[in-house]
Every structure is written in C-alpha cells, then in structure tokens.
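Each chain, written out:
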Amino acid sequence: MTDPKETINIENVVASTGIGQELDLQSVAMDLEGADYDPEQFPGLVYRTQDPKSAALIFRSGKIVCTGAKSTDDVHESLRIVFDKLRELSIKVEDDPEIVVQNIVTSADLGRQLNLNAIAIGLGLENIEYEPEQFPGLVYRLDDPEVVALLFGSGKLVITGGKEPKDAEHAVDKITSRLEELGLLD
Amino acid sequence: MTRSTRQRERETAAKQEEEEDSEEGVRECPECGSDNLVKSSDRAELVCNDCGLVVEEEQIDPGPEWRAFNHQERQEKSRVGAPTTQTMHDKGLTTTIDWKDKDAYGRSISSKKRSQMHRLRKWQERIRTKDAGERNLQFALSEIDRMASALGVPRSVREVASVIYRRALKEDLIRGRSIEGVATSALYAACRKEGIPRSLEEISEVSRVERKEIGRTYRYISQELGLEMKPVDPKKYVPRFCSELELTEEVQSKANEIIETTAEEGLLSGKSPTGYAAAAIYAASLLCNEKKTQREVADVAQVTEVTIRNRYQEQIEAMGIHG
C-alpha cells in the first residue's frame with residue numbers, strides 16, 4: 001500500500017500583502033503592461049505573472065492578494081516580481097513587505113474507492129456534511145489542524161483552509177487513521 | 001395520530017425533557033431487575049413480565065371517564081378542544097368569534113349587536129398576533145402548511161417542520177435569510193426526518209424560493225441545529241416513483257434489490273439519490289418486461305435521461321446482467 005501522503009499535491013496557494021499606500025489603479029493599469037482592470041467587473045486590478053504562474057490582485061487600498069501559485073516559494077517569487085514592476089513605475093514599495101499565506105489547497109488520493117454513506121455515519125453525522133443531492137463530495141471539518149477536507153467516492157480528496165503545507169499532511173494522516181479505525185479502508 | 005405527534009415533539013424537544021422521559025422509561029423490577037414491565041389489561045396494575053411481581057397498584061387511569069361508541073357520541077361527551085399543535089403560531093390555543101351572526105339559541109341578533117360583533121371580530125383578528133415577530137411566525141407556518149398541502153405530505157411532517165422552524169427562530173438563524181427560504185428548508189428537513197424524502201426539485205416547485213437557496217439554507221440550519229441528517233436512501237423514492245409510473249410490485253421489489261446490491265458495492269457514493277432510484281426503476285422495468293422509456297422515468301424523478309443512462313450502465317455492470 002502506498003502512503004496517501006505521497007500523493008499530496010499543492011494545487012493553489014493564496015497569500016496577501018500590502019505596500020502601505022493608496023494606489024490610483026487607473027494610471028497603474030495604463031502603465032503596467034499586461035494588467036487587466038475593469039472596475040465594473042471587479043474592483044481590483046489583475047496582474048498575471050507567467051513564471052511562476054499566478055495572478056496578483058492589486059486593490060486601491062494598496063493591498064495585494066496573490067493567488068494561483070503552486071507553492072509558498074512561488075507566491076514569494078511572483079509577489080517579488082509584482083513589487084519590482086511597481087517600483088519600475090516609481091511607486092515606493094518597502095524592501096520586504098510582510099507576506100501572509102491565507103489558504104493552501106491540496107489534493108491527495110487514498111487509492112481506493114470510498115463508500116461515502118458508511119463514512120458519513122462512521123465519522124458521526126454532526127461532524128460532516130454529505131448531501132449527494134447538492135454536491136457529490138463529503139465535507140469533513142477537522143478541528144486540528146483546522147482544515148476542511150472534501151472526500152469523494154473515487155478515493156480522491158481535497159484539503160483546503162490550511163495555512164501551512166504541513167497542515168495537509170496532518171489532515172491526511174488523521175483521515176486515514178480515522179478511516180482505518182472504522183474499518184472503512186479496505 | 002395526536003399521540004405519535006406528541007412523541008415526535010418530545011424527541012425534538014429540549015434535552016431536559018428527554019431526561020425526564022428516560023427516567024420514566026428505564027423503570028425496572030425491584031425484584032429481578034428486569035425492565036420488562038407491562039401494564040396489566042385492566043390498566044390498574046404495573047406487573048413485571050418476568051417474575052410476576054406487581055410493582056404498582058391502583059394506578060391512575062388518565063383516560064376519559066365517559067364512554068362513547070361512535071364519533072357523534074365522542075364529540076358530544078368530550079369536554080376538550082383539539083390538541084395543541086406547533087403548526088399554529090399560538091399553538092392552536094386561540095379564541096375565534098364565529099362568523100354566523102346568531103346567538104346561542106340560533107336566533108339572529110339585532111343589527112346593533114351585529115355591528116358590535118363585527119367590531120369584536122375585527123379586533124380579535126388584529127390582536128391575535130401581538131407583534132411583528134408573531135405575524136412573521138404566522139406567515140412562515142402558513143407557508144409550511146401551504147407547501148405541505150401542495151406536496152401532499154401528512155400532518156406529522158408539518159408538525160415536525162414547524163418545530164424545526166421554531167427552533168431556527170429561537171436560535172436566531174433566520175436573521176439575514178428569507179422567511180420563505182427557512183420555512184421551505186424546514187419542510188425539506190422534516191420530510192427527510194420522517195422518512196418520506198422529497199427531492200429539492202419537488203420542493204422548489206411548490207416554494208417561492210429557488211432550489212439553490214433552499215439547499216443553502218437547509219445546509220445552514222441542519223448544521224446549526226445539529227439535525228444529524230442521514231443521507232437519503234434511494235429506496236425511499238421507489239414506491240412513489242413506481243406508482244406514478246403505474247408499475248407493479250414486482251418492478252418495485254426488483255428495483256429495491258438492484259439498489260441494495262449496487263449500493264453495497266459502493267456505487268452510490270456521491271450520486272444523487274433520485275437519479276440512482278430512477279435508474280434502478282428503469283432497469284427493473286426492463287427486466288420485468290414492463291418497459292418504461294428513459295424519458296418517462298426521467299420526468300417522474302425529475303432527473304435527466306443522461307443521468308439515468310449513466311447510473312443504469314454502472315448498475316447493470318455491477319449486477320452482472322446485460323441489458
């Protein structure tokens with residue numbers, strides 16, 4: 001049996017930061033090449049970096065949200081690019097603004113089919129949410145680490161809400177041991 | 001009927017009451033410790049069924065002291081009104097002034113009295129609900145009643161739905177949500193609790209709220225109230241769909257068999273119960289030579305033909321039959 005932890009793959013990392021001053025997005029959009037700004041659609045300016053691939057949302061307040069990166073390093077890297085671009089436009093940016101990771105989405109595979117009905121009852125109906133009429137996945141909220149896991153019938157799962165890559169590993173460990181306890185993993 | 005309703009009320013009522021109940025329930029025989037106590041047939045004694053000890057004598061008989069042999073006699077002799085119900089905002093304990101302008105002897109009353117009664121009636125109607133909160137509750141409960149009638153679900157479900165709505169109101173879950181939305185999801189939850197599930201599609205047909213909103217509100221209140229709802233069993237849909245399709249018992253039991261065997265193999269995971277039931281009915285109708293088209297089954301179950309085809313393929317493969 002392969003360890004489900006080895007199948008863990010980070011799908012998305014969201015981080016936020018700020019440059020501490022208000023921006024005139026209209027002029028930034030004009031000067032910054034490849035920027036999308038449509039205030040009727042979305043109040044922020046969208047700037048996409050290609051390597052590493054990610055999208056930075058720049059808001060009028062000077063706050064920046066970076067999403068779409070595949071690792072925490074990538075987030076830092078792409079935000080560094082954004083900062084450099086802004087500096088080129090002679091907007092003052094501190095040397096190293098604080099970057100806070102807000103959410104990490106990971107996927108994993110338990111490698112076998114799951115009987116979600118049995119799992120729903122086994123894990124306790126008060127801890128889970130399973131409404132196949134509305135969504136095919138079973139939603140399992142863990143307290144420690146504080147993440148939400150979506151379990152699917154195929155055995156694949158998505159873990160979201162973690163702040164560190166380690167959270168996902170802990171969650172997968174916890175879920176597999178809980179399911180093994182219940183004898184639902186064979 | 002009223003008895004079973006009350007029992008259900010008790011289930012959903014506060015924990016304290018539950019404890020009281022269980023205290024009453026776990027009485028055991030002081031002689032042999034058995035909990036197999038029965039009321040003897042004349043209802044005056046509590047007897048242990050195992051050792052024969054009379055635990056209690058001369059019990060109080062809570063029944064009526066009069067005898068009635070038909071409905072009319074019962075009506076005449078009974079001195080109480082209808083049982084209280086959660087489906088009314090005042091639990092049915094209200095005063096209504098008759099609309100007939102007649103006195104106790106059946107004579108019509110003077111015009112002066114008549115206008116007085118008219119005024120009294122108007123004010124009684126107005127003060128029945130003392131504030132906006134009660135008026136809202138009245139509206140919500142009448143919505144539940146209206147939808148339940150349209151769906152044709154029994155009284156007990158309305159009673160449960162009303163209790164769920166009242167709990168949501170007490171926990172302040174309605175703030176920021178529409179009254180109609182919460183009322184509809186309370187009814188949806190009640191149907192499932194009572195084991196006669198209605199799909200969100202069916203519910204949204206009679207509701208003023210759209211399906212998505214009902215689902216969202218339902219998830220919220222079931223989470224917050226800890227309703228601990230089991231996933232819907234597709235078998236619960238089989239009898240209703242089959243009778244709408246005018247299929248025989250044979251098809252029903254075949255469909256149930258298909259659902260049971262395939263669900264055991266884990267085919268049900270993450271699949272919509274209505275679609276699953278529909279596919280099993282379709283497969284069963286083929287096997288029993290009472291073929292219904294996918295279109296017909298799909299219309300009754302309110303799923304698409306594509307869903308039926310997909311589930312059907314998976315099911316017959318798992319059953320090892322070739323359709």
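Residues numbered from 1 in each chain as written. Chains lettered and ligands numbered in written order. Predicted model: local features only at pLDDT ≥ 70, side-chain atom pairs only at ≥ 80, totals over all residues. Heavy atoms only, no water.

*Asks:* What exactly am I supposed to notice about the sheet that holds strand S2 (residues 46-48) of chain B here?
*Replies:* Remark on secondary structure: sheet strands pair via backbone hydrogen bonds, oriented parallel or antiparallel. All names here are of chain B. Taken together, three strands build an open sheet; the order of strands is S1-S2-S3 and the sheet is antiparallel. Where the open sheet ends on each side, the last strands, each with one partner, are strand S1 (37-39) and strand S3 (54-56). Each strand of the sheet is rotated relative to its neighbour by a mean of 35 degrees, with strand direction disregarded. Taken together, the two bridges between S2 and S3 define a ladder with antiparallel strand orientation. (Pairing = 2+ DSSP bridges. Helix = DSSP H or I, 4+ residues; strand = E, 2+ residues; numbered from the N terminus. Axes fitted to C-alpha atoms, helices over the stretch in contact; angles between N-to-C directions.)

*Asks:* Explain the side chain of Thr17(A) to me, please; I cannot follow it from the model alone.
*Replies:* Residues and elements named next belong to chain A. Relative to the helices and strands, Thr 17 is located in strand S1 (residues 9-18). Residue Thr 17 is classed as buried on the basis of its relative accessible area, which comes to 6%. Of note is the side chain of Thr 17, whose polar atom sits 2.8 Å from the backbone oxygen of Glu 98. Beyond its immediate sequence surroundings of up to four residues, Thr 17 is in contact with Gly 62, Lys 63, Ile 64, Leu 79, Phe 83, Pro 97, Glu 98 and Ile 99. (Buried < 20%, exposed > 50% of the residue type's maximum accessible area, 1.4 Å probe, protein only. Polar contact = N/O pair within 3.5 Å; in protein donor to acceptor, adjacent residues only side chain to side chain. Contact = heavy atoms within 4.5 Å.)

*Asks:* How do you make sense of the packing of helix H5 (residues 132-151) of chain B against helix H6 (residues 155-170) of chain B when you look at a structure like this?
*Replies:* The packing of two helices is summarised by the inter-axis angle and the distance between the axes. All names here are of chain B. For the pair H5 and H6, interaxial distance at closest approach is 10 Å and the crossing angle is 150 degrees. By the angle class used here, H5 and H6 are roughly antiparallel. The element H5 and its partner H6 pack so that their crossing is right-handed. Taken together, the residues of H6 that come into contact with H5 (itself represented by Leu 137, Ala 140, Leu 141, Ile 144, Asp 145, Ala 148 and Ser 149) are Arg 158, Ala 161, Ser 162, Tyr 165, Arg 166 and Leu 169. The residue inventory of the contact of H5 with H6, partitioned by class, reads eight nonpolar, two polar and three charged. (Parallel < 35°, antiparallel > 145°, perpendicular 65-115°, else oblique. Left-handed = near helix turned anticlockwise from the far one by under 90°. Nonpolar A, V, L, I, M, F, W, Y, C, P; charged D, E, K, R; others polar.)

*Asks:* Help me understand the environment of Glu290(B), please; the structure alone is not making it clear to me.
*Replies:* All names here are of chain B. Along the polypeptide, Glu 290 turns up in the loop between helix H12 (273-287) and helix H13 (294-301). C-alpha of Glu 290 to C-alpha of Glu 250: the two residues are 40 residues apart in sequence and 9.8 Å apart in space. Those residues in contact with Glu 290, other than ones at most four positions away along the chain, are Leu 247, Thr 248, Glu 250, Val 251 and Ser 285.

*Asks:* How should helix H14 (residues 305-319) of chain B be read in this particular structure?
*Replies:* Residues lying three or four places apart along an α-helix face the same way, a consequence of the helix completing one turn every 3.6 residues. All names here are of chain B. Over its 15 residues, H14 extends 21 Å from the first C-alpha to the last, a length consistent with the 21 Å expected when each residue adds 1.5 Å. Taken residue by residue, H14 has Ile 308, Arg 311, Tyr 312, Gln 315 and Ile 316 as its buried positions. Take H14 and look down its axis: the buried residues cluster within an arc of 130 degrees, on one side only. Close packing links the buried residues of H14 with helix H11 (249-264), H12 and H13. Of the residues trailing H14, Gly 320 is marked for its positive phi of about 75 degrees. (Expected span 1.5 Å × (residues − 1). Arc of directions from axis to C-beta.)

*Asks:* It is not clear to me how the interface of chain B and chain A should be interpreted in this structure. Could you clarify?
*Replies:* Accessible area lost on assembly of the parts is the figure often given for the size of an interface. Between chain B and chain A, the contact holds 23 residues from the first and 16 residues from the second. Between chain B and chain A the total buried area reaches about 1,700 Å² when both faces are included, carbon and sulfur atoms providing 47% of it. Scanning the region where chain B abuts chain A turns up two salt bridges. In this structure, the salt-bridge partner of Arg192(B) is Glu131(A), at a minimum N-O distance of 2.7 Å. At the boundary of chain B with chain A, the tally comes to ten residue pairs in polar contact (both at pLDDT 80 or more). Elements with a minimum of two residues in the side of chain B that touches chain A: helix H7 (179-193), helix H8 (200-206) and helix H9 (211-225) of chain B. Broken down by element, the residue count for the side of chain B that touches chain A peaks at six residues, all from H9(B). (Buried area = accessible area lost by both parts, 1.4 Å probe. Salt bridge = Lys/Arg side-chain N within 4 Å of Asp/Glu carboxyl O.)

*Asks:* What should I look at first to understand the environment of Ile179(B) in this one?
*Replies:* Residues and elements named next belong to chain B. Tracing the backbone shows Ile 179 in helix H7. You can call Ile 179 buried: its relative accessible area is 19%. Placed 64 residues apart in sequence, Ile 179 and Ser 243 show a C-alpha to C-alpha distance of 34 Å. Discounting residues that sit within four places of it in the chain, Ile 179 has contacts with Asn 136, Phe 139, Ala 140 and Tyr 165.

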